Amino acid sequence: MKKAFYITSPIYYVNDVPHIGHAYTTIACDMLARFYRQKGQDVLFLTGTDEHGQKIEKSAAAKNMQPKDFVDNISKSFEDLFHKLKISHTVFARTTTPEHYKTVQEMWRRLKENDQIYLGSYSGWYAVRDEAFYSEDEIKDGKAPTGAPVEYVTEPSYFFKLSEWQEPLLNFYRDNPDFIAPESRRNEVIRFVEGGLRDLSISRTSIKWGVPVPDDENHVIYVWLDALNIYISSIGFPHNLEQFEKFWPESLHIVGKDILRFHAVYWPAFLMAAGLTPPKRLFAHGWWTKDGEKISKSTGNVIDPVALVDQYGNDPFRYFLLREVPFGHDGDFSNTAFIHRLNADLANTYGNLVQRTLAFVYKHNEGKIPTPSDLSPEDQELLALPAQILKDMEKLMAEQALSRAIERAWEGLFEGNRYMDIQKPWTLKATDPSRMATILYVLCDFIRQMAILTSSIVPELSSQILSQLCIDPNHRHFDALSTQLIPETPIPEPKPLVQKII
Ligand code: ME8
């Protein structure tokens, strides 16, 4: 049986249209999903939308719309964006489906049965923007630590006995040192939990837009207890346990650092309290700013992913986001950095290697893959390089070190260019055509292997390169690295693949 891999992005709030931050996390997940598919694993990739809660109820009211019509509209704009970005998700999950309601209510029942819920009354601060409760000592200058405005709420509420989970959570983090990454985030979570946990309000009576509490329709379930359950409702809990049991132990949640606490503290506590196991791993990435400033509608500092993709294409957009910033660190988007990165890596390094090789082969080898003769040690070394790079990439991908995995692939492309500069096939046409053919064959086969390795990074470009080399779509997975190009295969006239941005 194929090994399972379950990757999730957050499900995004539909209070507003998507921006570059949403594109970023989903693209990172997409790179991981494509990589493990190429490795031959059975990949389930979830993204989607989070559609309940006060923030959305308010946004719908401001537009004079029924919440359901409002969320249908905006959820569609997320789905359209991911379609445009050619995201390879297998599930686009929404919290407003009957299936999801059933899972959330089942979780509630389990928590109740296990004596984890009691009825009380909540008096305290709530930030609608974060959909989060904050304690008095967290409020500074009348704002949440995130800068979100807060309001004072007093209402009847059910509580989850989170305070009882401090020790079990700390034990869980200790026994599963890889559960939270990067390390600095793990330490942050441990410090927070060591500081003590208060019981958590998990229902609201002042809003209506949510999943009703079973047997008490005056309450709707707190949006985070609702939303987090999407990760299990979408893979079959409790209605398809076979699928759930296959994928859940192999789960990886990718989230932004803003929602770490919900995923690293509340979520494993809810799951353990309901008798389920926490996810396998959680990675919290950093935050994008634009020209050094927070991305925010109010300052007009938003980056529209659609406009960037329309102007530069999917691969350049994706490549920049994935490569520019070490995954886990904060990053800054500037047009200068964007253009510089694309020209250097995609046009000069990758495009150039492919273009000069294929154009030369087409012109000087009658448009056919050359036939090699004896391979020199340098030839053999170059042909063996992609398999070594793959090994390194596998290790880096297992740690979600996405930009380092890309860097490693690009080291291979530099080697390809270096080999060509040293071997100078263009000087051999008259003097040693057989050696020239060997060098060109080596380059073509190296490029084939490298395009397989870069397929999860720049899928369109890699696929175009492989098509120029007439590689069957079924021979583009990692096992195919060890196959070889067939000499004398005719290739189409090469077209320039990467445009330099001027
Ligand atoms: O929090 N830089 O949804 P959300 C990097 N519905 N990533 C960013 C970003 C930025 N400037 N802005 C947004 C929610 N993101 C909940 C999640 S999951 C069960 C429920 C990305 O629409 C990043 O992944 O506010 C962040 O965690 C997420 O969008 C927040 O999306």
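All values derive from a computational prediction rather than experimental measurement.

Draft legend 1. Inspection of the pairing of strand 13 (residues 281-285) at higher detail. Summarising burial for strand 13: 5 of the 5 residues are buried, a large majority. By the alternation rule, side chains of strand 13 split into Arg281, Phe283 and His285 and Leu282 and Ala284, which are all buried. When strand 7 (residues 180-181) meets strand 13, the two strands line up parallel, connected through 2 bridges. Directly across from Ile180, in strand 13, lies its bridge partner Leu282.

Draft legend 2. Spatial organisation of the site of the ligand. Around the ligand, a shell composed of 22 residues is seen, among which Ile11, Thr25, Asp50, Asp258 and Trp288 lie nearest. Note that an oxygen atom of the ligand is positioned 2.6 Å from one of the side-chain N or O atoms of Thr25. For the ligand, whose unbound accessible area comes to 670 Å², protein coverage reaches 94%. Within the residue set of the shell around the ligand, elements represented by two or more residues are strand 1 (4-13), helix 1 (20-38) and helix 7 (223-228). Counting residues per element, the shell around the ligand draws most heavily on strand 1, at 4 residues. For the shell around the ligand, the residue count by class is 12 nonpolar, 8 polar and 2 charged.

Draft legend 3. Examining the domain arrangement of the protein more closely. The domains assigned to the protein are domain 1 (4-286) and domain 2 (335-482). Once you take the C-alpha centre of each, domain 1 and domain 2 turn out to be 42 Å apart. Counting residues at the interface gives 13 residues for domain 1, matched by 19 residues for domain 2. Carbon and sulfur atoms supply 67% of the area that domain 1 and domain 2 bury against each other, a total of about 1400 Å² over both sides. Sorting the residues of domain 1 by area buried against domain 2 places Met31, Phe35 and Gln38 first, and these three jointly supply 54% of that buried surface. Linking domain 1 with domain 2 are 1 salt bridge, by the criterion used here. Here Lys86 makes a salt bridge to Glu460, at a shortest N to O gap of 3.1 Å. Where domain 1 meets domain 2, there are 5 residue pairs in polar contact (both at pLDDT 80 or more). With 7 residues, helix 1 is the largest single contributor of residues to the side of domain 1 that touches domain 2. Taken together, the residues of the side of domain 1 that touches domain 2 break down into 8 nonpolar, 1 polar and 4 charged.

Conventions and cut-offs
Residues numbered from 1 in each chain as written. Predicted model: local features only at pLDDT ≥ 70, side-chain atom pairs only at ≥ 80, totals over all residues. Heavy atoms only, no water. Buried < 20%, exposed > 50% of the residue type's maximum accessible area, 1.4 Å probe, protein only. Helix = DSSP H or I, 4+ residues; strand = E, 2+ residues; numbered from the N terminus. Pairing = 2+ DSSP bridges. Near = heavy atom within 4 Å. Polar contact = N/O pair within 3.5 Å; in protein donor to acceptor, adjacent residues only side chain to side chain. Areas by Shrake-Rupley, 256 points an atom, 1.4 Å probe, with all protein chains shown as cover. Nonpolar A, V, L, I, M, F, W, Y, C, P; charged D, E, K, R; others polar. Domains from an automatic or database assignment. Contact = heavy atoms within 4.5 Å. Buried area = accessible area lost by both parts, 1.4 Å probe. Salt bridge = Lys/Arg side-chain N within 4 Å of Asp/Glu carboxyl O.

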